[in-house]
Structures are given as C-alpha cells and as structure tokens.
Amino acid sequence: EEEFKWLLQEEVHAVLKQLQDILKEASHRFALPAGGSGGAVKPENFVLSTSGTDQVKGVLTLQGDALCQADINLKMPRNNQLLHFAFREDKQWKLQQIQDARNHVNQAIYLLMNRDVNYHFKTGSEVLKLMDAVMLQLSRARNRLTTPATLTLPEIVSSGLTKMFTPALPPDILVNFYINLNKLCLTVYQLHVLQPSTTKNFKPAGGSILHNPGAMFEFGNQRYEVSHVHKVECVVPWLNDALVFFTVSLQLCQQLKDKISVFSSYWNYRP
C-alpha cells in the first residue's frame, strides 16, 4: 500500500515532468513554440532528389509549417524540353500535416500541465485515464506525419496548389506536396488527354497518396490519363527528431500504465 502511494505521489509526477520536457523539445522542433513566442521562424532550404531519374529537380524553402518557396525544373520525357516553375512571390503553401501534428503535441502538453506537482492522484485508474488521453494526442501527432492524405486526381487539380506557380503550370502537369515520416515529398504527374474516340475502358481512379501511370480521371468535361509520375523528396531533420520524441514519450506513458496496472491487479486480488 505504501509503495503504491509512493508511486502515485512521487513517481507519477516524475514521469509527467519527464514527458513535459520531452514534448516541449518536440514542440520547439516545429519551430513554433507553444504560445507562439521565440521570434520569427528561420526559413530552411532543402534540395529535392531521387535515386532514379533526374527528370525533376528543385529547391524547397520551408518556414515552420509553410512552404514559402518552391523552385522546380522539370524535363519533359516526350521532347526533353526543360520547364521551370517557382512559387509566386505573394504565395505560401501551408502544410496541414505539420500544423496538425504540432497542435496535437501542444494538446498533450496542456493535459500534462493540468496536473502540476501539487496535484494528488487518488487512484491508479485516474493516472491510466490521463496516460490514455496523452497517448491519443501523441498517436494522432505521429499519424499525421506518417500517413499522408489520400487524394483523388480531380482533388489535386482543384487544390489551390496548382495556382501557386509562375509561370502557370501547363494543363497537362499536376503537382502535390506532402509529408511522409521525416520527408517532404513532391509528386509531379504528367497527363495526356483521352480522346472521345479512344477505345480505352475508362475507369476513374479513387483516392490515393500516389497515383500510378495509367490512372484515369475526368475534370471539366475532359478525360485524362496519367502518363508519367515523378516523385522527389528531401529529408527534414527536425521532423525526424519530432518522431523520435513521440516514440520515446509513448513508451514512457506505456511503462507507467504497466506499473499502475500491476499494482492495481495485485490490489484487486489480495486474499
């Protein structure tokens, strides 16, 4: 009984403090600390690369959760013509995945700070409930970075991203940016128009993170097929740090839950 009391009053608070420290570090990695202090976020440049072809090259400038510049060179396979696109000066593209992940981290910190050192946990189930709530926020934060949104091709066409570039993207080029784990990815789709006379069996593609050549869709009374897909990416080191912090925090929560459960089951089965 004494040991369980000590666990509830001392060890639980020690773990909560440790979790707070780790998650504040994670929050700082998103370069936008809780409360929005800490001055302006420094823009960082990343060079896009792929292990395969050199059809697409580019440099992206990331500032916190916003892509503030994108400079892309695209070599068209049909005629080896080189196209160059950049974001318009007045445009930024918000990466919702980073924004959401940060919000979940801040929510987890808020839950932990609500139980300060003077708070007395009376039961094990109270601690378990708090750990479950924190773990839910951390799992959601991690999932936002590890699981990009699935989009249909018409959704990509009508996303605001296509209107960000100067010169304007030609109608047979589609682009999509997303986060996957610790990488910032750019996918470029090249399309060709399906003529009404075509004998091809038209079957519109559903939602996907990455569409393959041969995927078809209809937009504005016109039918298209994806002819080429180029995917390039760059590693964002601080996203890697954030994912490590999430994993460590989830392990700490689970360890504390296991300890509490052991005591609680002993409690319930005392002779």
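As shown above, the structure is provided for reference.
Residues numbered from 1 in each chain as written. Predicted model: local features only at pLDDT ≥ 70, side-chain atom pairs only at ≥ 80, totals over all residues. Heavy atoms only, no water.

1. Re helix α1 (residues 2-29)
A turn of α-helix holds 3.6 residues, and therefore any two residues three or four places apart point the same way. Look at α1: 40 Å from first C-alpha to last across 28 residues, which is about the 40 Å you get at 1.5 Å a residue. Residue Leu8 marks the point of greatest curvature in α1, where the axis turns by about 35°. (Helix = DSSP H or I, 4+ residues; strand = E, 2+ residues; numbered from the N terminus. Expected span 1.5 Å × (residues − 1). Bend = angle between axes of the 7 residues up to and from the residue.)

2. Re the nonpolar core
The tendency in soluble globular proteins is for nonpolar side chains to be buried as a group. Phe30, Met131, Phe165, Phe177, Leu186, Phe246 and Ile260 are the most contacted members of the largest nonpolar core, which totals 67 residues. By residue number, the principal contributor to this core is helix α5 (residues 237-268), which donates 11 residues. The residues contacting Leu186, other than those within four sequence positions of it, are Leu48, Val56, Ile72, Val175, Asn176, Phe177, His230, Lys231 and Val232. The next biggest cluster of nonpolar side chains, apart from the first, holds 10 residues, and it includes Val157, Leu191, Phe217 and Tyr224. (Core = buried A, V, L, I, M, F, W, Y, C linked by side-chain atoms within 4.5 Å. Buried < 20%, exposed > 50% of the residue type's maximum accessible area, 1.4 Å probe, protein only. Contact = heavy atoms within 4.5 Å.)

3. Brief notes about the packing of aromatic side chains
Counted under the stated rule, the structure contains six aromatic pairs. With centroids separated by 5.7 Å and ring planes inclined at 75°, the aromatic side chains of Phe30 and Trp238 adopt a geometry described as edge-to-face. Taken together, the residues span a long stretch of sequence, with Phe30 in the loop between α1 and β1 (44-48) and Trp238 in helix α5 at a distance of 208 residues. This pair shows no difference in class: Phe30 is buried, exactly as Trp238 is. Measuring from centroid to centroid gives 6.4 Å for Phe85 and Phe165, while their planes differ by 75°, and the two rings are edge-to-face. Highlighted residues: Phe85 in strand β4 (residues 82-87) and Phe165 in strand β6 (residues 165-166), separated in sequence by 80 residues. Residue class for Phe85 comes out buried when judged on its relative accessible area of 5%. Cation over ring: Arg115 sits above Tyr119, and NZ or CZ is 5.0 Å from the ring centre. If you follow Arg223 out to its NZ or CZ, it ends over the ring of Phe202, 3.9 Å from the centre. (Phe/Tyr/Trp six-rings, centres within 6.5 Å; stacked < 30°, edge-to-face > 60°. Lys NZ or Arg CZ within 6 Å of the ring centre and 35° of its normal.)

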